[in-house]
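Residue strings, one per chain:
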Amino acid sequence: MNAVILLGPPGAGKGTVSEVLVDQGFKHISTGQLLREQIALGTPQGIEARKRIDHGNFVPDEVVIGMIQDLLEKAPEGQKFLFDGFPRTMAQAEKLDDLLEQVKGNLGRVVLLDCPDEVLVERITGRRSCDKCGSVYHMKFNPPSQGEQCDEEGCQLTQRPDDTEETVRKRIGVYEERTSPLIDFYEEKKLVEHIDASQSIDEVRAAVVQQLG
Ligand code: AP5
């Protein structure tokens, strides 16, 4: 089993890049998406997660580690995992190392999407998504063809509750404090590939595919 980590602040484009890597055989694991599924189902885990996510705070380490452990233990041999938004704390990074060792997996690369804060804020506040098919748009950079309607489903697009300017600035601060130390952790292991994520969607996707190809 092989794993690649997509590391970067909110709005850097982790989800957008993941779409093309899925076409290359990666299984995309977004802990944010897994948590939103629990919220939509109204599970006790989802109810607890929502209180934190809506205010821009992290969900406790043991919750996300539990979700990842379950996935890794059930993974078929030869599976290629793309982690989007995991790990986000040193405790999660260290636990991932342990889990990979247990399942004889290998962390091949950490792709770091670098992007200035003001670009992140514009991307996040302009993001809209389709609740039916999960398509993600941006009202300026990747707009739907008609108003705020999904091109696939024709339904009204929605904005994530944690995508307000105030909450995204909080999320960027939490990233700086709790996630950016992971850059040095993985630099020491010589795993980090820096990508200029302020480029266009097509340019960023092409740069990542080239790094992982
Ligand atoms: P999560 O959903 O992972 O949020 P995030 O990391 O803050 O990242 P985003 O999904 O907001 O942004 P992205 O980088 O994927 O950007 P996207 O491609 O969509 O997590 C949500 C919350 O869950 C967290 O805040 C936390 O509370 C909790 N959580 C999750 N994982 C956790 C963990 N491991 N531990 C603890 N808590 C956890 O792009 C954004 C917009 O920009 C889109 O509209 C897109 O169309 C546009 N865009 C993308 N790329 C470009 C480009 N190159 N040019 C122009 N526009 C672009």
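In this text, all values refer to a predicted model and were calculated from it rather than measured experimentally. (Residues numbered from 1 in each chain as written. Predicted model: local features only at pLDDT ≥ 70, side-chain atom pairs only at ≥ 80, totals over all residues. Heavy atoms only, no water.)

> How would you explain the site of the ligand if you had to name every residue and give the values?
Near the ligand lie 35 residues; those nearest to it are Thr16, Asn57, Arg88, Arg127 and Arg171. Ala12 is positioned with one of its backbone polar atoms (N or O) 3.4 Å from an oxygen atom of the ligand. One nitrogen or oxygen atom from the side chain of Arg171 is found 2.7 Å from an oxygen atom belonging to the ligand. Relative to its unbound accessible surface of 1000 Å², the ligand loses 96% to contact with the protein. (Near = heavy atom within 4 Å. Polar contact = N/O pair within 3.5 Å; in protein donor to acceptor, adjacent residues only side chain to side chain. Areas by Shrake-Rupley, 256 points an atom, 1.4 Å probe, with all protein chains shown as cover.)

> Quick one: what's the story with the environment of Gly108, residue by residue and with numbers?
Structurally, the position occupied by Gly108 is in strand S4 (residues 106-114). In the structure, Gly108 is positioned 46 residues away from Glu62 in sequence and 24 Å away in space, judged by C-alpha atoms. Once you skip the residues sitting within four places of it in the chain, Gly108 turns out to touch Ala3 and Leu191. (Helix = DSSP H or I, 4+ residues; strand = E, 2+ residues; numbered from the N terminus. Contact = heavy atoms within 4.5 Å.)

> How would you sum up the pairing of strand S3 (residues 80-84)? Please name residues and give values.
Counting buried positions along S3 yields 4 of 5 residues, so the element is predominantly enclosed. Relative to S3, strand S2 (residues 27-30) is paired through 4 bridges, and the arrangement is parallel. Following the sheet pairing, Ile29 is matched in S3 by Phe83. (Buried < 20%, exposed > 50% of the residue type's maximum accessible area, 1.4 Å probe, protein only. Pairing = 2+ DSSP bridges.)

> Give a detailed account of the nonpolar core, specifying residues and quantitative values.
Counting 25 residues, the largest nonpolar core has Leu72, Phe83 and Tyr186 as its most contacted members. Contributing elements (two or more residues each) for this core: strand S1 (2-7), helix H4 (61-74), S3, helix H5 (90-102), S4 and helix H8 (181-188). Discounting chain neighbours no more than four positions away, the residues touching Leu72 are Met1, Phe81, Phe83, Leu96, Leu99, Leu100 and Val103. Val4, Val111, Ile124 and Val168 belong to the second-largest nonpolar core, a separate cluster that totals 21 residues. (Core = buried A, V, L, I, M, F, W, Y, C linked by side-chain atoms within 4.5 Å.)

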